[in-house]
Amino acid sequence: MKRKYEDQDDVSRYLRVDHAGELGARRIYEGQLAVLGNHPVAAEIRHMRDQEQEHLDTFEELLNEYQVRPTLLSPFWNGAGFMLGAVTAAMGPKAAMACTIAVEEVIGTHYDKQAKALTETQSGEDALAETLERFRDEELEHRDIAKDHDGEEAIGYPVMRRVIQAGCRVAIKLAERV
Ligand SMILES: [Fe+2]
Ligand SMILES: [Fe+2]
């Protein structure tokens, strides 16, 4: 049955890219904490880092359950995520929050698309779709935390947002395959 095969292929791609994304996300917050660990915003950043760890653990379990191989680029996602977090945090807490807004917007939309695709094709992956919807809501909560902490007021915010989001989209394309 061709359709069934395609669906499974989709799910494999989703899980691989989501797992890679959560690796990167956790490292972004670790990078931010390496610079801003003693700043008043650190508590919020730790909260987000802890949620990314939960997301990552969930995708690790799902990769096993669905027997999907993980990304081959873990060292890359680890390095790139940490750098992005540390560099933006070094520019100041508002720049760190600007980075969070940019990244979480993309991830929120990404999970939303996946959840809708699973639901609309009646893939039967209801539990997975629900997990993706919950994660989408948590990523959008991260975006809102960053907005509340004046990420939009960072110097050069529009450019930063555009550059980081373009980078995220390239990363998504890459992570689906490798
Ligand atoms: Fe996440
Ligand atoms: Fe997040």
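You'll find the structure just up there.
For clarity, every value in this text was computed on a predicted model and none was experimentally measured.

1. Topic: the coordination of the iron ion (ligand 1)
- The protein atoms donating to the iron ion (ligand 1) are Glu-22 (OE), Glu-22 (OE), Glu-52 (OE), His-55 (ND1) and Glu-139 (OE), with metal-donor distances spanning 2.0 to 2.4 Å.
- Linear spacing of the donor residues for the iron ion (ligand 1) on their chain is E-x29-E-x2-H-x83-E.
- The metal-metal distance between the iron ion (ligand 1) and the iron ion (ligand 2) is 3.9 Å, with Glu-52 coordinating both. With Glu-52 in helix H2 (residues 42–66) and Glu-139 in helix H5 (residues 126–148), this residue pair connects regions lying 87 residues apart in the sequence.

2. As for a negative patch on the surface
- Where like charges cluster on the molecular surface, the negative patch consists of Glu-54, Asp-57, Glu-60, Glu-61 and Glu-65.
- Within the secondary structure, Glu-60 is located in helix H2.
- Overall, Glu-60 belongs to the partly exposed group, its relative accessible area being 39%.

3. Here we look at the coordination of the iron ion (ligand 2)
- In the first shell of the iron ion (ligand 2), the protein supplies Glu-52 (OE), Glu-104 (OE), Glu-104 (OE), Glu-139 (OE) and His-142 (ND1), at 1.9 to 2.5 Å from the metal.
- Sequence spacing of the donor residues for the iron ion (ligand 2), all on one chain, is E-x51-E-x34-E-x2-H.

4. Thoughts on the side chain of Glu-22
- Within the element layout of this structure, Glu-22 appears in helix H1 (residues 2–36).
- For the buried residue Glu-22, which engages in no salt bridge, the nearest side chain bearing the opposite charge is Arg-26, 8.6 Å off.
- Residues contacting Glu-22, with those up to four places away along its chain left out, are Glu-52, His-55, Leu-56, Phe-59, Tyr-111 and Glu-139.

5. Examining the pattern of salt bridges
- The full count for this structure, using the stated rule, is 13 salt bridges.
- A salt bridge links Glu-176 to Arg-13, with the nearest nitrogen and oxygen atoms 3.9 Å apart. Linking Glu-176 in helix H6 (residues 157–177) with Arg-13 in helix H1, this pair joins segments that are 163 residues apart in sequence.
- With its nearest N and O atoms 4.0 Å apart, the salt bridge here joins Glu-138 to Arg-134. Highlighted residues: Glu-138 and Arg-134, both in helix H5, separated by 4 residues, approximately one helical turn.
- Relative accessible area serves as the criterion here: at 43%, Arg-134 is assigned to the partly exposed category.
- Within the structure, one salt-bridge network assembled from shared partners comprises Asp-10, Arg-13, Glu-176 and Arg-177.

6. Describing the packing of aromatic side chains
- Evaluated as defined, the whole model comprises 4 aromatic pairs.
- Aromatic pair Phe-59 and Tyr-111: ring centres 6.1 Å apart, planes at 25°, arrangement stacked. With Phe-59 in helix H2 and Tyr-111 in helix H4 (residues 93–120), this pair connects stretches of sequence that are 52 residues apart.
- Since its relative accessible area comes to 0%, Phe-59 is described here as buried.
- Look at Tyr-111 and you get buried, because its relative accessible area is 1%.
- Relative to Phe-135, the ring of Phe-59 has its centre 5.5 Å away and its plane inclined at 75°; by these criteria the two rings are edge-to-face. On the criterion of sequence distance, the pair formed by Phe-59 in helix H2 and Phe-135 in helix H5 is long-range, its members being 76 residues apart. For the pair Phe-59 and Phe-135, one class covers both residues: buried.

Here is what the cut-offs are and how they apply
- Residues numbered from 1 in each chain as written.
- Chains lettered and ligands numbered in written order.
- Predicted model: local features only at pLDDT ≥ 70, side-chain atom pairs only at ≥ 80, totals over all residues.
- Heavy atoms only, no water.
- Donors = N, O, S within 2.8 Å, 3.2 Å for Na, K, Ca; no water.
- Helix = DSSP H or I, 4+ residues; strand = E, 2+ residues; numbered from the N terminus.
- Patch = residues over 30% accessible without salt bridge, like charges linked within 9 Å, V, L, I, M, F, W, Y side chains within 5 Å.
- Areas by Shrake-Rupley, 256 points an atom, 1.4 Å probe, with all protein chains shown as cover.
- Salt bridge = Lys/Arg side-chain N within 4 Å of Asp/Glu carboxyl O.
- Lys, Arg positive; Asp, Glu negative; His and termini not counted.
- Charge placed at Lys NZ, Arg CZ, Asp CG, Glu CD.
- Buried < 20%, exposed > 50% of the residue type's maximum accessible area, 1.4 Å probe, protein only.
- Contact = heavy atoms within 4.5 Å.
- Phe/Tyr/Trp six-rings, centres within 6.5 Å; stacked < 30°, edge-to-face > 60°.

All we've got here are geometric facts, nothing functional implied.
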